[in-house]
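Below, each chain spelled out in residue letters.
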Amino acid sequence: LFGRHWMLSPLVQWLLATPVQFWLGARFYRAGWKAVRAGSGNMDLLVALGTSAGWGLSVYLMWRHAGHGTAHLYFEASAVVITLVLLGKWLEARAKRQTTEAIRALQALRPDVAHLMPDGLQRTEITDVPVAELLPGDRVQVRPGERFPADARVSEGETQANESMLTGEPMPVHKRPGDSVTGGSLNGEGAVVIEVRAIGAQSVLNRIIALVQDAQATKAPVQRLVDQVAAVFVPVVLVIALVTLLAWLWWGALPEEALIHAVAVLVIACPCAL
C-alpha cells in the first residue's frame with residue numbers, strides 16, 4: 001500500500017490467526033470429526049483440513065526460518081477462508097431468524113377471543129370464548145377494528161376488510177353476505193356476523209405458517225445435491241493433494257516446496273464450501 005512493502009512480524013500474524021483458526025473455526029473441527037466418525041466427507045471437514053494445513057505449514061515455516069529472514073507465511077489465507085465461510089453461515093442463520101420472526105408475526109395476527117352469537121338453546125346472549133374452541137358452523141360477531149378470528153363467510157351485515165396480511169394489497173375489500181373472509185384479516189367500520197368455515201390447521205393462516213415452517217426445515221434441492229457431491233469431492237481433493245506432494249518430490253523438489261504445493265490444493269478447495 002502507498003508503494004511500501006510492509007508485513008506484520010510472524011509472531012503477530014500467528015497471534016492474530018490462531019484464535020480465528022481454533023476458536024472461531026471450532027465448529028468446522030466438530031462437524032468434520034462427526035463426518036469422519038460417520039465414514040463420510042463434507043465441506044466442514046474440507047475447511048478444517050485445508051485451513052489447518054495452511055496454518056500448520058505457516059507455523060513450520062515460521063520455526064524453520066526463524067534464524068534467517070522472514071518466510072512467506074499463509075496465516076491470512078486460512079483466516080480469510082474461515083471468515084468467509086462463517087459469513088455465509090451467519091447470513092443463513094439470519095435468514096432463518098427472519099423467517100422465524102415472520103412466523104411469530106403471522107401467529108400474532110390471530111385474536112385470542114371470539115364473540116360467539118346466541119344459538120337460542122344453551123346460549124341466549126353473545127359469549128366471549130377462546131378462538132381455539134370455535135367449530136365450523138359457529139356464528140361469530142366481529143366488531144369494527146377487530147380481526148376475523150377464523151376463515152368464514154359473512155352471514156349478516158356489510159363491512160370493509162383489510163386483507164393486506166394475505167395479499168399485500170392495502171386497499172380494503174368490500175364484504176357483503178355470502179363473501180368469504182380470512183382469519184387474521186382486519187375488519188373495517190362495520191359490525192358483521194360471520195359463519196365459521198375452517199379452523200385450526202385447515203385455516204389459510206395456519207396453512208401459510210405450516211408452509212413457512214416446512215420450507216425452513218427442508219433442505220433445498222441444490223443443498224441436497226451439494227451434500228452428495230461433497231461425499232465424493234472431499235476424498236478426491238485429498239487424493240489430489242497427496243499426488244501433488246508425491247509428484248513434486250519425485251521431480252526433485254525440496255520437501256518444503258512440495259508441501260507448499262500440496263497445501264495449496266487443500267486451501268484452494270476450501271472456498272467450495274461456500
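Nothing here was measured: the structure is a model prediction, and the numbers come from that model.

The rules behind the values
- Residues numbered from 1 in each chain as written.
- Predicted model: local features only at pLDDT ≥ 70, side-chain atom pairs only at ≥ 80, totals over all residues.
- Heavy atoms only, no water.
- Helix = DSSP H or I, 4+ residues; strand = E, 2+ residues; numbered from the N terminus.
- Rg over C-alpha atoms; globule rule 2.2 N^0.38 Å.
- Buried < 20%, exposed > 50% of the residue type's maximum accessible area, 1.4 Å probe, protein only.
- Contact = heavy atoms within 4.5 Å.
- Areas by Shrake-Rupley, 256 points an atom, 1.4 Å probe, with all protein chains shown as cover.
- Lys, Arg positive; Asp, Glu negative; His and termini not counted.
- Charge placed at Lys NZ, Arg CZ, Asp CG, Glu CD.
- Pairing = 2+ DSSP bridges.
- Salt bridge = Lys/Arg side-chain N within 4 Å of Asp/Glu carboxyl O.

Draft legend 1. Molecular detail of the overall build of the protein. Looking only at helices and strands, the protein features eight helices and nine strands. Computed over the C-alpha atoms, the radius of gyration of the protein is 31 Å, more than 25% above the 19 Å expected from 2.2 N^0.38 for a compact globule of 274 residues. Along the first, second and third principal axes, the C-alpha set of the protein runs to 100 × 45 × 30 Å. The burial tally for the protein puts 32% of its 274 residues in the buried class. Look at the contacts in the protein between residues 6 or more apart in sequence, and 64% of them connect residues 24 or more apart. A total of about 16600 Å² of accessible surface is found on the protein, and carbon and sulfur atoms cover 63% of it. Measuring between centres, the 23 positive side-chain charges of the protein sit 10 Å from its 23 negative side-chain charges.

Draft legend 2. Expanded view of the sheet that holds strand 9 (residues 192-198). With antiparallel pairing, the six strands of this open sheet are ordered in space as 2-1-3-9-4-7. Each having just a single partner strand, strand 2 (127-130) and strand 7 (180-181) make up the two edges of the open sheet. Pairing of strand 4 (residues 151-156) with strand 9 involves five bridges; the strand directions are antiparallel. Residue pairing for strand 9: Glu156 is matched across the bridge by Val193.

Draft legend 3. Expanded view of the pattern of salt bridges. Under the criterion given, the structure shown has five salt bridges. Notably, a salt bridge pairs Glu92 with Lys96, separated by 3.9 Å at the nearest N-O pair. With a gap of four residues between them, Glu92 and Lys96 both fall in helix 4 (residues 75-108), about one helical turn apart. According to the relative accessible area criterion, Lys96 is partly exposed, its value standing at 40%. Salt-bridge contacts for Arg139 lead to Glu156; the nearest nitrogen and oxygen are separated by 2.3 Å. Taken together, the residues Arg139 in strand 3 (residues 139-142) and Glu156 in strand 4 connect sequence positions 17 residues apart. For Arg139, a relative accessible area of 30% gives the class partly exposed.

Draft legend 4. Expanded view of the environment of Trp55. Here Trp55 is to be found in helix 3 (residues 43-64). Given the relative accessible area of 17%, Trp55 is considered buried. C-alpha separation for the pair Trp55 and Gln21, spaced 34 residues apart in sequence, amounts to 7.7 Å. Setting aside chain neighbours within four positions, we find Trp55 in contact with Trp14, Thr18, Gln21, Phe22, Phe75 and Ser78.

Draft legend 5. Examining the pairing of strand 3 more closely. Both strand 1 (residues 113-116) and strand 3 contribute to a ladder of two bridges, which runs antiparallel. Looking at the pairing, His115 lines up with Gln141 of strand 3. For strand 3 and strand 9, the ladder comprises four bridges, and the chain directions are antiparallel. Bridged to Arg139 within strand 9 is Glu195.

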